[in-house]
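Summary of structural features
Chain by chain, the residues run as shown.
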Amino acid sequence: METIKDDQSTIWVPGSPTLTKTTNIPPVAVTLPAVYGVSGSGKARWIMALPANIMLILIIVSGAPNWPSLLTSENLGPIGGVLLILGFIFLLSGIVVSAYSLLWNMHCAKNYPSSVLTISRQGILDLRVSDGIIEWGDVLRAGVSHANRGGTSVALYMRPGFEGVLKGPQALRRIIIPRAKATLITIEITSLSGDRNALVEVILLLAKQANQPLKVA
């Protein structure tokens, strides 16, 4: 596992509005390298979501013996039966991947409870994603996603040819998706401790700075 260089510095990012203050929000200072662990609410969120995934898997699998009868159903017809079975398989695959992601996050939280993610000017080290540092120079752009089970994630769009070694669900994505399209790395934020809004802003800012052309005096 790589380690982040101890290049301490401070970066200022926009502050977040609160219930009592929505204007003139002062910026927030973040000292780099910044280390983030997994919050208690993040662990609880995974534990609560896992049984639902397992139950859905059992329901779909228990109905598998009846799938052949769908092919001979007069109401559906052979093509309709095949399409319905493929739909069940696609749904089952998605739920299995979701359950695997939850288990993987729980595993990482157990092994790296207080230092699962580290941010520096060099790059980002997310031990849920890779044992190696993802350097900002390899990130083409970054964006915020709120589609991750109602939580917040940061999507890192990597430059073509990125050869970083990924693990867990991110590695599984590379197997499922053709290599030409597997240039997206997702950094899950909601389950982390600390100021998550500031963390998102830091990632977006450092990724943007790495892609700005150098100014020549």
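Preceding this paragraph is the structure being described.
The following paragraphs examine the structure supplied in this document. (Residues numbered from 1 in each chain as written. Predicted model: local features only at pLDDT ≥ 70, side-chain atom pairs only at ≥ 80, totals over all residues. Heavy atoms only, no water.)

**Some words on the overall build of the protein**
Quick note on the threshold: Put simply, DSSP H or I for four residues or longer makes a helix, DSSP E for two residues or longer makes a strand, and each gets a number counted from the N terminus. By the convention used here, residues are in contact when the closest approach between their heavy atoms is within 4.5 Å. Areas reported here follow the Shrake-Rupley algorithm with a probe of radius 1.4 Å; residue values treat only the protein chains shown as occluding.
When you go through the protein residue by residue, the secondary structure sums to 5 helices and 9 strands. Ordered by position from the N terminus, the helices and strands of the protein form the series β-β-β-α-α-α-β-β-β-β-β-α-β-α. Sequence separation of 24 or more characterises 63% of the internal contacts of the protein that already satisfy a separation of 6 or more. Accessible area for the protein stands at about 12,700 Å²; split by element, carbon and sulfur atoms hold 63% of it.

**Focus on helix H5 (residues 196–210)**
Worth spelling out the cut-off: The span one expects for a helix is its residue count, reduced by one, times 1.5 Å. Accessibility here uses a 1.4 Å probe with only protein chains present; expressed as a share of the type maximum, an area under 20% marks a residue as buried, one over 50% as exposed, and anything in between as partly exposed. N or O atoms closer than or at 3.5 Å make up a polar contact, with two conditions inside protein: a donor-capable atom paired with an acceptor-capable one, and, for residues adjacent in sequence, both atoms drawn from side chains.
For H5, built from 15 residues, the straight-helix expectation of 21 Å at 1.5 Å per residue is met to within 8% by its first-to-last C-alpha distance of 21 Å. When H5 is considered as a whole, its buried residues turn out to be Ala198, Leu199, Val200, Val202, Ile203, Leu206 and Ala207. Measuring from the side-chain oxygen of the N-cap residue of H5 to the backbone nitrogen of asparagine 197 gives 3.2 Å; that N-cap residue is aspartate 195.

**Remarks on the packing of aromatic side chains**
The line we're drawing: The rule is short: rings of Phe, Tyr and Trp, with Trp giving its six-membered ring, pair when the centres are within 6.5 Å, and they are stacked under 30 degrees, edge-to-face over 60, tilted in between. Placement of a charge over a ring requires the Lys NZ or Arg CZ to be within 6 Å of the ring centre, with the centre-to-atom vector within 35 degrees of the ring normal.
In this structure the tally under the stated criterion is 0 aromatic pairs. It is arginine 141 that lies over the ring of tyrosine 157; its NZ or CZ is 4.0 Å from the centre.

**A word on the pattern of salt bridges**
Any two side chains of opposite charge can pair if their charged atoms end up close together. Applied cut-off: Criterion for a salt bridge: a side-chain nitrogen of Lys or Arg within 4 Å of a carboxyl oxygen of Asp or Glu.
By the definition in use, this model includes 3 salt bridges. The partner of arginine 128 in a salt bridge is glutamate 188, and the shortest N-O contact between them spans 3.0 Å. Of this pair, arginine 128 sits in the loop between strand S5 (123–126) and strand S6 (134–135) while glutamate 188 sits in strand S9 (residues 184–188); the two residues are 60 residues apart in sequence, bridging distant segments of the chain. An identical accessibility class is assigned to arginine 128 and glutamate 188; each is buried. Several salt bridges converge on common partners, so that one network encompasses Asp126, Arg128 and Glu188.

**Looking at helix H1 (residues 40–62)**
In this model, H1 (23 residues) spans 34 Å end to end at C-alpha, consistent with the 33 Å of a helix rising 1.5 Å per residue. Where H1 is concerned, the buried positions are Gly42, Trp46, Leu50, Asn53, Ile57 and Ile60.

**Quick look at the pairing of S5**
Rules: Should DSSP find at least two bridges between two strands, the strands are regarded as paired.
Judged by which residues are buried, S5 turns out to be covered on both faces: Gly123 and Leu125 on one side and Ile124 and Asp126 on the other are all buried. In this structure, strand S4 (residues 117–119) lies alongside S5, joined through 3 bridges in antiparallel fashion. Bridge assignment links leucine 117 to a residue of S5, and that residue is aspartate 126. Taking the residues between adjacent antiparallel strands as the criterion, S4 and S5 are bridged by 3 residues. Pairing of S5 with S6 involves 2 bridges; the strand directions are antiparallel. By the bridge assignment for S6, glycine 123 is matched with glutamate 135.

**Notes on the sheet that holds S5**
Counted only if it meets this: Where helices are involved, their axes are fitted lines through C-alpha atoms of the stretch in contact, as for all axes, and angles between N-to-C directions lie from 0 to 180°.
Strand order in this open sheet of 4 strands is S3-S4-S5-S6, and the pairing throughout is antiparallel. Each edge of the open sheet carries a strand with a single partner, namely strand S3 (34–36) and S6. Running over the sheet, H5 touches S3, S4 and S5 and is turned about 50° from S4.

**Observations regarding unusual backbone geometry**
The peptide bond linking leucine 32 to proline 33 adopts the cis configuration, its omega dihedral lying at 0°. Within the secondary structure, proline 33 sits in the loop between strand S2 (28–32) and S3.

**Some thoughts on the side chain of serine 130**
As for its placement among the helices and strands, serine 130 is situated in the loop between S5 and S6. At 2.7 Å, the side chain of serine 130 and the backbone oxygen of valine 165 are in polar contact. Setting aside chain neighbours within four positions, we find serine 130 in contact with Leu125, Val165, Leu166 and Lys167.

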